[in-house]
Each structure stands twice: as structure tokens, then as C-alpha cells.
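# Chains, contacts and geometry: an overview
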Amino acid sequence: MEPRLDSRSVGRSDGMLRLPSFRYLQPTTLSEALRMKSDAGPEGTYVAGGTDLYPNMKRRQQEPKTVISLMGVPELKATERRNDGTVGTVLSAGLTLSELSVLPSFRRRYPAVVQAATLVSTPLLRNMGTLGGNLCLDTRCNYYDQTYEWRKAIDFCMKKDGHICWVAPSSPRCWAVTSSDLAPVMVALGAQYLLAGAAGERVVPAARFYHNDGINYLTKQPDEVLVEVRLPPLAAPGAWDAVYHKLRRRGSFDFPVLGVAAWVRWEGEGGGDRVADARVVLGGVASWPQEIPEVATALRGSTLAPEAIAAAADAAYRPAKPMDNTDFDLSWRKQMTRVYVTRALTELAHRRNTTT
Ligand SMILES: Cc1cc2nc3c(=O)[nH]c(=O)nc-3n(C[C@H](O)[C@H](O)[C@H](O)COP(=O)(O)OP(=O)(O)OC[C@H]3O[C@@H](n4cnc5c(N)ncnc54)[C@H](O)[C@@H]3O)c2cc1C
Ligand code: SF4
């Protein structure tokens, strides 16, 4: 007798997972996309490259009945505009990560963004995955990024289909972690996002786009589309600088279990020797890109000498509280915060010393 599969069974004996059936729509303008989302209601969702959404749908972590592709929307199409006013460079959300990495002159002007984009997964995924999809990436957890059968065997969890958090069973919230490589960089740089929704357009600072909640991890409304990312201008060469460092098991493939984005603005017009301001933002340790304000306090007025870097790394280590829901031992990951913040700030100090 054939084994009976209930309607939600997704696995085959060879381990392949199948997409459920859904309606696929291809709007050709932004207003058409917004109208389609409004018609589809909560059961509709946007897709760009699909490298996050489709695997999630195969595992029934997300079950939209209507999927609205943003890839044919001209307002999101692959462009980089330079603007020397208050906004430095404007990046369309539809740029693929590969396109982002090879934009003319962009590598030289925003190396931290390029660094983060080229550290995402593999070339194949970077050819499909977009900037917008990366910045809206679902949060991750070892108890959630599993097949439907696996999750069913543990009676699911709060993030989807269940009631309990297996990472912190007495917790009223989900602790799934932000795993985007670009999100901490955008927060560190002070980028701004242009959103378009049924209620019109609005611009939000990257830092306010994220919530520290594994389920409601974005502050955007479900109907809102991320249209573009506005990067701050390079006021003068050397006035500010930023780097991104990533910890993961396999250098060629994996999501970050720790990401460190570090940004420094130097004193004076053309960039002096001392730090006027700094931001260190951690990925992979909380449900949002976590800024550590104590680092700025430790660095302001310093020359980024080793003692100041050690004080800043210590300041970042204390509030970093990774949970036991991604790769590697929890306490080792916390120790690595100090190491990776030291490396990132040392690289910035080195770059400063070699350009002056
Ligand atoms: C094996 C594997 C390894 C990976 N490794 C990494 C990694 O190391 N680092 C990393 O950061 N990511 C990684 N990813 C995740 C993913 O590939 C990238 O983050 C990619 O950039 C996502 O972009 P996308 O266009 O494919 O997103 P999609 O899957 O199309 O969308 C992701 C989410 O964003 C929403 N969305 C997309 N675009 C918009 C928009 N413009 N406005 C509003 N909402 C939008 C979608 O509705 C969906 O909820 C990995 C994925 C896989 C499968
Ligand atoms: S942190 Fe808890 S609720 Fe969130 S996905 Fe993991 S197990 Fe589920």
C-alpha cells in the first residue's frame, strides 16, 4: 500500500522539496505591484530574486497564495545614481548583489557595501539575489530553518505554526537572528531607505527599518516596497570610512553567525587624525542589526590606537548576547565579537595610516 501523505507533506524520498502551488503575478509598474498586493491582501507577498522566499516556501515557513514579482518593475531596476547633494549614491533595490559588486567606481567609493555583497553565499545566489531582498531577509533559527516534517516533529515553534520558543521556552518573543550581510553595513553607514506603499512614499533611516523581534523584524508595512537605498555622500576623500567583517563556518557559502560593520568619521574637513564619531553594528547576534553605542564613546577623540581599539572591542563584547540558535558554540561566538571588532577597527586604522 502507498504511504499516505497529508496535504502539507513536502518531502520526497530523495530529500527534494517542492514548492506549493501559488498564483504568480508580474506587474510592470510600481503602482500595479501595489494594487496587486492590495487585492491579494495578507495572503500576497512580494518576491525579487526568490533566493530566500522560495526555499522558505518549500519548507512551508511562508505560505503565500499570491506571489508578486518585483523584477519587472522599472522603478526598482538596476541603477546607481550619483547625487552630490545630501545624498551620495542612490541604489535601486532591484540591483542584484553581483551587479552591486561591479558598479563603476562604486567599489572604490563604498568598499564596505561591496565587501558585504560579495560575502553573501555563492556567485549563483548573488546573480539572482537582490539588494532589496537582502535588506528584507527573513530572520533565521536552527529550529525554524527546517523542513515541515522536522518542525512538525517538535510541534513547531512560535515563529510559524506553534506556540513555544525552543531557544528560550519561557520567553514571550522569538529570538531568530538577522542574517543579512548588508543590513548592518547600511545601519553603520547611516543609509536611508525609500519605501512606497498604498499610503504613499516615505524615507526611513536604515536603523529604524528593523525591529528586535524575530517575527516582526521589519517596521515596514506588509504592502510597502523598498524602492531604493540612499547612501551618504563622501563629503571629502577620507572624511569617513567603513569596513565589514564576517564570521561563518564555510568561507565560500554560509550565512553570517557574526557580522561586524564598523564606520568611522574623522575630525576636520578633509579627515584629520582623530575620530569624530564611530558606529559599530553587529549582525547575527540579535533579531536586528545591533548598534553598540558604547563603542562610539570609547573611540571619540582617539587616533584609533591599539588601546582605544581594545576598549572599543571590550565595549562591543559586553552587550553582544548571541542566542543558542545558529551555528557554533554560543560562548565562542560571543568571544569572537571582541576579535572581529578588533580586526575591523584595526583595518580602518591601517587604511587611515596608509592614506595620510
Ligand atoms: C544557501 C543560501 C545561502 C545564503 N547565504 C547568505 C549569506 O551568506 N548572507 C546573506 O545576507 N544572505 C544569504 N542568503 C539569502 C539570500 O540569498 C540573499 O539575502 C539575497 O540577497 C536575498 O535576495 P532575493 O532578491 O533573492 O530575496 P527574495 O527571496 O526575493 O525576498 C526575500 C524577502 O524580501 C522581500 N522583498 C524582496 N525585495 C523586496 C522589496 N524591494 N521590497 C519589499 N520587500 C522585498 C520578499 O517579500 C521576501 O520576504 C542565502 C540564501 C541561500 C539559499
Ligand atoms: S527563536 Fe524560538 S520562536 Fe524564534 S524561530 Fe527559534 S525556536 Fe522559533
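Residues numbered from 1 in each chain as written. Chains lettered and ligands numbered in written order. Predicted model: local features only at pLDDT ≥ 70, side-chain atom pairs only at ≥ 80, totals over all residues. Heavy atoms only, no water.

### Here we look at the pattern of salt bridges
Once the charged atoms of two side chains with opposite charge are near each other, the side chains can pair. Under the defined criterion, the tally for this structure stands at 16 salt bridges. Note that Glu-63 and Lys-160 form a salt bridge whose closest N and O atoms lie 2.8 Å from each other. Here Glu-63, found in the loop between helix H2 (53-58) and strand E3 (66-69), pairs with Lys-160, found in the loop between helix H8 (148-153) and helix H9 (182-189); they are 97 residues apart in sequence, far enough to count as distant. Judged by relative accessible area, Glu-63 falls into the partly exposed class, the value being 32%. Taking relative accessible area as the criterion, Lys-160 reaches 14% and is therefore assigned buried. Salt-bridge contacts for Lys-159 lead to Asp-138; the nearest nitrogen and oxygen are separated by 2.8 Å. Of this pair, Lys-159 sits in the loop between H8 and H9 while Asp-138 sits in the loop between helix H7 (131-135) and H8; the two residues are 21 residues apart in sequence, bridging distant segments of the chain. Side by side, Lys-159 and Asp-138 carry an identical accessibility label, which is buried. Sharing partners across several salt bridges, the network here consists of Glu-63, Arg-151, Lys-160 and Asp-161. (Salt bridge = Lys/Arg side-chain N within 4 Å of Asp/Glu carboxyl O. Helix = DSSP H or I, 4+ residues; strand = E, 2+ residues; numbered from the N terminus. Buried < 20%, exposed > 50% of the residue type's maximum accessible area, 1.4 Å probe, protein only.)

### Quick look at the confidence of the model for the chain
When pLDDT is averaged along the chain, the result is 91, and 92% of the positions lie at 70 or above. Overall, residues 1-14 carries pLDDT values under 50, and its contacts beyond four positions in sequence, including any with other chains, amount to 17 contacts. (pLDDT = per-residue confidence, 0-100. Contact = heavy atoms within 4.5 Å.)

### Notes on the side chain of Ser-101
Within the fold, Ser-101 resides in helix H3 (residues 97-101). Of note is the side chain of Ser-101, whose polar atom sits 2.7 Å from the backbone oxygen of Leu-97. If sequence neighbours within four positions are ignored, Ser-101 has contacts with Arg-107, Val-114, Ala-117 and Thr-118. (Polar contact = N/O pair within 3.5 Å; in protein donor to acceptor, adjacent residues only side chain to side chain.)

### Quick notes on the nonpolar core
Core analysis: the biggest nonpolar cluster contains 56 residues, and Leu-100, Val-113, Leu-135, Leu-182, Met-186, Tyr-193 and Leu-231 have the highest contact counts within it. Looking at this core element by element, the count peaks at 7 residues for H9. Dropping the residues within four chain positions of it, Val-113 is found in contact with Leu-100, Phe-106, Leu-182, Val-185, Met-186, Leu-189 and Leu-231. (Core = buried A, V, L, I, M, F, W, Y, C linked by side-chain atoms within 4.5 Å.)

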